[in-house]
Amino acid sequence: MDEGGSRIRRRVSVRKRNRPSLGSIFAFPTVAPLKTGDEQEEEEEVEAGSRRRKTVGLQPVEHNDSEEDMFGDYDSFTENSFLAQVNDLEQKYILLSEQRKHAMDFATEDFCSESIKNKLSVTTVSNFTEHKTDEHTENLREHKDVPVEPGTDVLYDLPSSQVLYFENLQNSSNDLGDQLTKERNGSSSFPNTVSEELPHNCVKQLQPNDESSSKVRNNSDTSRRKSIKDHLKSTMTGNAKAQTPIFSRSKQLKETLLSEEINVAKKTIESSSDDLGPFYSLPSKVRDLYVQFKGIEKLYEWQHTCLTLSSVQERKNLIYSLPTSGGKTLVAEILMLQELLCRRKDVLMILPYVAIVQEKISGLSSFGIELGFFVEEYAGSKGRFPPIKRREKKSLYIATIEKGHSLVNSLIETGRIDSLGMVVVDELHMIGEGSRGATLEMTLAKILYTSKTTQIIGMSATLNNVEDLQDFLQAEYYTSQFRPVELKEYLKINDTIYEVDSKAEKGMTFSRLLSYKYSDTLKKMDPDHLVALVTEVIPNYSCLVFCPSKKNCENVAEMICKFLSKEYLKHREKEKCEVIKNLRNISSGNLCPVLKRTIPFGVAYHHSGLTSDERRLLEEAYSTGTLCLLTCTSTLAAGVNLPARRVILRAPYVAKEFLKRNQYKQMIGRAGRAGIDSTGESILILQEKDKQQVLELISRPLENCYSHLVQEFTKGIQTLFLSLIGLKIATNLGDIYHFMNGTFFGVQQKTLLKEKSLWEITVESLGYLTEKGLLQKDTVYLSEEESQCNFHITKLGRASFKGTIDLAYCDILYRDLKKGLEGLVLESLLHLIYLTTPYDLVSQCDPDWMIYFRQFSQLSPAEQNVAALLGVSESFIGKKASGQAVRKELEEFWVYRALLVELTKKLTYCVKAELIPLMEVTGVLEGRAKQLYNAGYKSLIHLANANPEVLIRTIDHLSRRQAKQIVSSAKMLLHEKAEALQEEVEELLRLPSDLPDVEASSSEKGMKLSDAHFQI
């Protein structure tokens, strides 16, 4: 391709490479002394190379919808206009053409004029201009402009639409080929095109050989140039008014703007400037997305204050505490987006329950798709260890406490912990709750010890001993008592309701008497007046009733429905029928008789006895208003966000234990829905005998949280030591003791340790692990008097901590797996199910042996053989049924790895194989998966490319919000899978680092040959 053509292409678009050139006859950037062809070509290559080393600034894209003339300075036909430059170039080329007429033949004026008329149509130039617009937008987004030097590039000062015009004109001339071999004295349009190749400021004036012929040509060209001007003017006017493809252009401009704003945000965060950018150092698009997806137009004052704290700007660790429903999560989300988009680091968010993880995945998937990051679920059976290392996009990992711990372990093991820019912990007070609290403490302690660049953000509504947590996390603290909806607390004794008032002498003041008319039957069935309290709210508003036990939940729901009027059946009747239908579908046609009777009234119970699919379905129905009343246990208080106008506590007990202040605050915190209710109400029902305890409950401070790292021996400190040595974080006694001093337990050791010191507990735990064969101890003598105890992990120990096995059962599991290898029966899944059943369920099971015996009799012969192999024979079960006493990451287990993958999926979803891909999408249950499959959405690809509006019309009782969440989640999963495949491809194509050097190997081969020759 000739040099002149390539220069014009760089002026028009840097990405388009197949545009027709103007021909070799235009390759004269300057008039200089004649050179040979080789010299000229070499000079042009050097010139092109110098241009590529320079840059050109981008001009802002402006929009003008006015009907008036839109060309500004270019619209003038004076000597300063671009058409005046065209005239000058034409005149100069006419002079130049006389020097070259012996080498070139031109077509007749009439023929070329006709060609110009044909080519200068509005449609053609408009199409070119439209194409140019898309290319220019693409250039803006890519920011990879080919440098052009003003004054050296051809047509630099002319608009690109005119360059395209002359290119089009050249195409028409090229079509003529060699047929145009005769020349007229009059000038043709072709030299005008050639003249465009000459820069205005680089042309040297040449003296013509024939002045008279030049005058004739000038006279003959005047009228024709006016005609060209008219064509150009009308063409440009038409192009300016023509509609370009709005979708592609607007989308590209939005992407360009987002990219620019992210770059600005990066610089803002990196600098010490107080300017927070469009939206707290984030692109303005983030603010628009919050309005679009969550309806949040403005932040609360406390949120603004918290986000602008100097400690937050300096990336110090932060703990903040506010009442439930105060808007804590939004602050965390903004901080996470800053880390993902501006600092380009991965983020881990730890949540207490699977249901909350899934809710958060649904809420943030849309943000991930719009802003270009991945949202990955680490809960239940989902999650990959170590996580995929992304090439460009960053990941937001949303995990449960246990999965978050495993994720951090895998990042430390692969040396990628520094890629984790932030860890956000919701419900931080759970660090003081049993084995889960111990796991959370281990996770945070490892992050603090191994990464100095990872910021930790903790939030909770119920924190008291914050100083200990601050010492542990080395964090700043922020608190506020803000609540968007006022909460009024009430106590009910008999038929009298009192309002909680801390200023009153007894802590409460009289409010009102219940005026509900009770029949004698109702008084016996409902002595606590629950029916009266709930009917003041439902069905127009929502209500939660917290009960002490699961059985009480079901009884209360059924009792309330017995005394509700038939009018409640008509409220959203169709939606309630659909809920019942979906419950039947996910339960294989079996529906709990209590739910069958209560759901038509808009009432249901909610406790751990329901399957996860049933709970999600009922929660969704409650959120949309189909159900107006849930009777639930205390677990709902810390679960998904299900606010209500009124919260009723059936009794001040959880099971048989008296209510704690933390539990009470969490339950009543569900009252009042921001943006819907003006106030929220909580009513605690109590008996006269509990009055004094309740008054103490509502007035005392929140309970302190204490470390359970040592209390949970096998799930706490022993598991911690095993992973510290396995991950090589600390491998000798001194380092392990130093690590323990930095834990939450280390901070509280003076309070928690009474009999033994921390050093003694450390030595004792390491000795126990060594005795069990999980660790090996080596003593290194540093000198005659000084020695050091080093530890390394065994294969069994590594398998135990990587598999997160409770160390109390690891040796039993090993024996069972070893025995399974001797005679693994694969005719059914019974043997694998036995091997994967958790051992800690044994203490919770008290089987009815008669039912067990009947079920055993229905097993196939192969399954009975499995039972016999495991020591559960028919005679054994017969004796138990009659009441007789009865006595009683390892390479070798590679076979289980392959066998358990599919079993895990089957046990996770419990559906047909074809529905499993759909069940992986957040928010899709079995009933919904069947609907989607029957409607033709049979894979993840189908769902990811689905139109939410079409889904709404195709799938029964699917809301717009649910449809959008399903599509967003499917898109996110699809992007993750595609990225994983790209990573795999790159890994396969990557040159191995240990590949022997080619030259070295060939020289070695030559030496061997010479040696062989010498020996011969």
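All of the points below concern the structure found in this document. Everything quoted here is computed from the prediction, not taken from an experiment. Think of each chain on its own: its residues are numbered from 1, step by step along the sequence as written. Per-residue local features of the predicted model are confined to residues with pLDDT of at least 70, and side-chain atom pairs are confined, for both listing and counting, to 80 or more; whole-chain, interface and lining totals are unaffected and use all residues. Note that water and hydrogens are dropped before the side-chain values are worked out from all heavy atoms of the structure.

Moving on to the overall build of the protein chain. For the purposes of this entry, the term helix denotes a DSSP run of H or I that reaches at least four residues, the term strand denotes a run of E that reaches at least two, and both are numbered from the N terminus. Scanning the protein chain from terminus to terminus reveals 44 helices and 19 strands. Counting every position in the protein chain, which comprises 1016 residues, the buried fraction comes to 47%. The accessible surface values rely on the Shrake-Rupley method and a 1.4 Å probe; as for residues, cover is taken only from the protein chains in view. When the accessible surface of the protein chain is split by element, carbon and sulfur atoms take 50% of a total near 51800 Å². The rule is simple: take the accessible area with a 1.4 Å probe, protein chains only, and divide by the maximum for that residue type; under 20% is buried, over 50% is exposed, in between is partly exposed.

Their axes nearest at 11 Å, the elements helix α10 (residues 284-294) and helix α14 (residues 354-371) cross at an angle of 145°. Our pair here, α10 against α14, has a crossing hand that is right-handed. Listed contacts from α14 to Lys285, Val286, Leu289, Tyr290, Phe293 and Lys294 of α10 are Gly363, Ser366, Phe367, Glu370 and Leu371. Residue composition of the contact of α10 with α14, grouped by class: 6 nonpolar, 2 polar and 3 charged. Lines fitted to C-alpha atoms define the axes here, with helix axes fitted over just the stretch in contact, and angles between the N-to-C directions of these axes take values from 0 to 180 degrees. Should the near helix be turned anticlockwise from the far one by less than a right angle, the crossing is left-handed, and should it be turned clockwise, the crossing is right-handed. In this description, contact between two residues means that some pair of their heavy atoms is separated by no more than 4.5 Å. Polar here means any residue outside two lists: the nonpolar Ala, Val, Leu, Ile, Met, Phe, Trp, Tyr, Cys and Pro, and the charged Asp, Glu, Lys and Arg; Gly therefore counts as polar.

On to the side chain of serine 311, then. For serine 311, the position within the fold is in helix α12 (residues 310-313). Judged by its relative accessible area of 9%, serine 311 is buried. Discounting chain neighbours no more than four positions away, the residues touching serine 311 are Lys316 and Glu476.

The next thing to look at is the pairing of strand β3 (residues 374-378). Side chains on a regular strand alternate between the two faces of the sheet. Burial analysis of β3 places 5 of its 5 residues in the buried class, which makes it a mostly covered element. DSSP-based pairing: two strands are paired if at least 2 bridges between them are found. Taken together, the 5 bridges between β3 and strand β4 (residues 395-399) define a ladder with parallel strand orientation. Within the sheet, the bridge partner assigned to glutamate 376 lies in β4 and is tyrosine 397.

Moving on to unusual backbone geometry. Following phenylalanine 385, the chain continues into proline 386 via a peptide bond in cis, with omega recorded as -10°. Inspection of the secondary structure assignment puts proline 386 in the loop between β3 and β4. Residues isoleucine 538 and proline 539 are joined by a peptide bond in cis, for which omega reads 5°. With respect to the secondary-structure elements, proline 539 resides in the loop between α19 (530-535) and β11 (543-546). Within the chain, serine 325 stands out as a residue other than glycine whose phi angle is a positive 75°. You can see serine 325 is positioned in the loop between β1 (317-321) and α13 (328-342). On the basis of relative accessibility, which here comes to 29%, the residue serine 325 falls in the partly exposed class. Positive phi, close to 60°, is recorded for alanine 655, a residue that is not glycine. Topologically, alanine 655 is positioned in the loop between β15 (653-654) and β16 (657-658).

Right, let's get into the sheet that holds strand β13 (residues 629-632). Overall, mixed pairing links the 8 strands, which are arranged β10-β9-β8-β17-β14-β11-β13-β12 in an open sheet. Looking along the sheet, the strands with just one partner apiece sit at the ends: β10 (508-513) and β12 (603-606). The mean inter-strand angle of the sheet, taken between neighbouring strand axes irrespective of direction, is 25°. Across 8 bridges, strand β8 (residues 486-493) lies against strand β17 (residues 679-686) in parallel orientation. Counted as the bridge partner of glutamate 489 is serine 682 from β17.

Just to be clear on terms, a salt bridge is a Lys or Arg side-chain nitrogen sitting within 4 Å of an Asp or Glu carboxyl oxygen. This model, assessed by the stated rule, comprises 24 salt bridges. Ionic pairing is found between glutamate 370 and lysine 285, a salt bridge with its closest N-O pair at 3.2 Å. A residue pair is termed long-range when its members are at least 10 positions apart, and glutamate 370 in helix α14 and lysine 285 in helix α10 qualify at 85 residues. Judged by relative accessible area, glutamate 370 falls into the partly exposed class, the value being 35%. Linking lysine 382 and glutamate 377 is a salt bridge whose minimum nitrogen-to-oxygen distance equals 3.5 Å.

The strand order across the open sheet formed by 7 strands is β3-β4-β2-β5-β6-β1-β7, and the pairing between neighbours is parallel. What marks the edges here is a single partner per strand, and that holds for β3 and β7 (475-479). Between one strand axis and the next, the sheet turns by 15° as a mean value, whatever way the strands run. Relative to the sheet, helix α16 (residues 434-450) contacts β1, β2 (346-350), β5 (420-426) and β6 (455-460), its axis offset from that of β5 by approximately 155°.

Our next topic: the packing of aromatic side chains. Centre distance and the angle of the planes are the two values used to describe a pair of aromatic rings. Between the rings of Phe, Tyr and Trp (Trp by its six-membered ring), a pair exists once the centres lie within 6.5 Å; its type follows the angle of the planes, with under 30 degrees stacked, over 60 edge-to-face, and the other angles tilted. On inspection of all chains with the given rule, the structure shows 14 aromatic pairs. Here tyrosine 737 and tryptophan 759 contribute two aromatic rings whose centre-to-centre distance is 5.2 Å and whose plane-to-plane angle is 75°, an arrangement assigned as edge-to-face. Of the two residues, tyrosine 737 sits in helix α28 (residues 733-741) while tryptophan 759 sits in helix α31 (residues 758-771), which places them 22 residues apart along the sequence. Using a relative accessible area of 26% as the deciding quantity, one classes tyrosine 737 as partly exposed.

Now for the side chain of threonine 400. Within the secondary structure, threonine 400 is located in the loop between β4 and α15 (401-413). You can call threonine 400 buried: its relative accessible area is 5%. What threonine 400 contacts, discounting residues up to four positions off in sequence, is Ile350, Leu351, Tyr353, Val354, Val357, Tyr378 and Ala379.

With that settled, consider helix α17 (residues 466-473). Those residues of α17 that fall on the buried side of the exposure criterion are Val466, Leu469, Phe472 and Leu473. The arc that holds the buried residues of α17, viewed along the axis, is 120°, so those residues lie on one side. Set apart from the buried face of α17 by more than 90 degrees, the exposed residues are Glu467 and Asp471. The secondary structure elements touched by the buried residues of α17 are β1, α16, β6, β7 and α29 (744-747). One or two steps after α17, the chain reaches glutamine 474, where phi turns positive at roughly 50°. Within this analysis, the arc is defined by the directions that extend from the helix axis to the C-beta atoms.

To continue, consider helix α32 (residues 795-802). Leu796, Gly797, Ala799, Ser800 and Phe801 are the residues of α32 that are buried. Looking at the residues trailing α32, positive phi occurs at threonine 804, about 50°.

Glancing now at the pairing of strand β9 (residues 496-500). Two strands pair when backbone bridges link them, and β8 and β9 are joined in this way by 4 bridges, in the antiparallel orientation. Along β9, the bridge assignment pairs leucine 491 with tyrosine 498. Linkage of β8 to β9, two consecutive antiparallel strands, is achieved through a turn of 2 residues, within which asparagine 494 is found at a positive phi near 60°. Pairing analysis gives 5 bridges linking β9 to β10, with the strands arranged antiparallel. Counted as the bridge partner of isoleucine 497 is arginine 512 from β10.

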